[in-house]
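# Notes for the structure review
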Amino acid sequence: MQRTTSLTVNNKKLRVEADPDASLLSVLRNDLELTGSKYGCGEGECGACTVLIDGQPAKSCVTRLRQVSGKKKITTIEGLEQDGRLHPLQEAFLEFDALQCGFCTSGMIMAGVALLNKNSRPRREEIVRSMNGNICRCCTYPRIVAAIERASRATKEGS
Ligand code: FES
Ligand code: FES
């Protein structure tokens, strides 16, 4: 059954008409036209749909709309840019060519951003551990890890 739900997405307060049991991913993609988050497995296994909810990485394919209504802050890949500039991790992905088909990329970046927000100087093992829930079928893992390390340095240099 369709209901009106209030959401905060990328710092904008929005209202959507949708089934409260719909997945957050389907609402983002189909109702809000935020198609950066991808549908991979649909079962919480691959991480392609990762967004931030109150700063924590979350698989939006297994998050129900009802769970994020109201004051929770949702950030998608479209919300990372600030003042027309890409996030340092987005820049680092470009610099290190950390993608092939790009299907996993927005989820990887969101998971990486969550890590860097929590720990701006993660060790390599921490990066690998915290990216465990994100799968890249093109196997660009070494370049993804290198990009996160680069963004970590960039954040440090800029601070
Ligand atoms: Fe959500 Fe795979 S599409 S985890
Ligand atoms: Fe293709 Fe990761 S770049 S799935």
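Residues numbered from 1 in each chain as written. Chains lettered and ligands numbered in written order. Predicted model: local features only at pLDDT ≥ 70, side-chain atom pairs only at ≥ 80, totals over all residues. Heavy atoms only, no water.

## Observations regarding the sheet that holds strand 3 (residues 50-53)
Taken in spatial order, the five strands line up as 2-1-5-3-4 in an open sheet, and their pairing is mixed. In this open sheet, the two edge strands, each paired with only one partner strand, are strand 2 (12-18) and strand 4 (56-59). Each strand axis lies, on average, 45 degrees off the axis of its neighbour in the sheet, ignoring direction. The pairing of strand 3 with strand 4 spans four bridges and is antiparallel. Directly across from valine 51, in strand 4, lies its bridge partner alanine 58. Running over the sheet, helix 1 (residues 24-31) touches strand 1 (3-9), strand 2, strand 3 and strand 5 (73-75) and is turned about 100 degrees from strand 2. The sheet contacts of helix 3 (residues 105-118) involve strand 3, strand 4 and strand 5, and relative to strand 3 the element is tilted by about 35 degrees. (Pairing = 2+ DSSP bridges. Helix = DSSP H or I, 4+ residues; strand = E, 2+ residues; numbered from the N terminus. Axes fitted to C-alpha atoms, helices over the stretch in contact; angles between N-to-C directions. Contact = heavy atoms within 4.5 Å.)

## Considerations on the nonpolar core
The biggest cluster of nonpolar side chains holds 24 residues, and the ones touching the most others in it are Leu89, Phe93, Met108, Ile109, Met131, Ile144 and Ile148. Of all the secondary-structure elements, those providing two or more residues to this core are helix 2 (88-95), helix 3 and helix 5 (141-158). Take this core: its biggest share by element is eight residues, from helix 3. Not counting chain neighbours up to four residues away, the residues in contact with methionine 131 comprise Met108, Ala111, Gly112, Ile144 and Ile148. (Core = buried A, V, L, I, M, F, W, Y, C linked by side-chain atoms within 4.5 Å. Buried < 20%, exposed > 50% of the residue type's maximum accessible area, 1.4 Å probe, protein only.)

## Concerning the pairing of strand 2
The sheet contact formed by strand 1 and strand 2 spans seven bridges and is antiparallel. If you follow serine 6 over to strand 2, its bridge partner there is arginine 15. The antiparallel pairing of strand 1 with strand 2 creates a hairpin that spans two residues between the two strands, and asparagine 10 there sits at a positive phi of about 50 degrees.

## Some thoughts on helix 3
Since there are 3.6 residues in each turn of an α-helix, residues three or four apart along the chain are aligned in direction. Here helix 3 contains 14 residues, and its C-alpha end-to-end distance of 20 Å stays within 8% of the 20 Å for a straight helix at 1.5 Å per residue. The buried fraction of helix 3 is high, at 12 of 14 residues. Taken together, the buried positions of helix 3 are occupied by Thr105, Ser106, Gly107, Met108, Ile109, Met110, Ala111, Gly112, Val113, Ala114, Leu115 and Leu116. (Expected span 1.5 Å × (residues − 1).)

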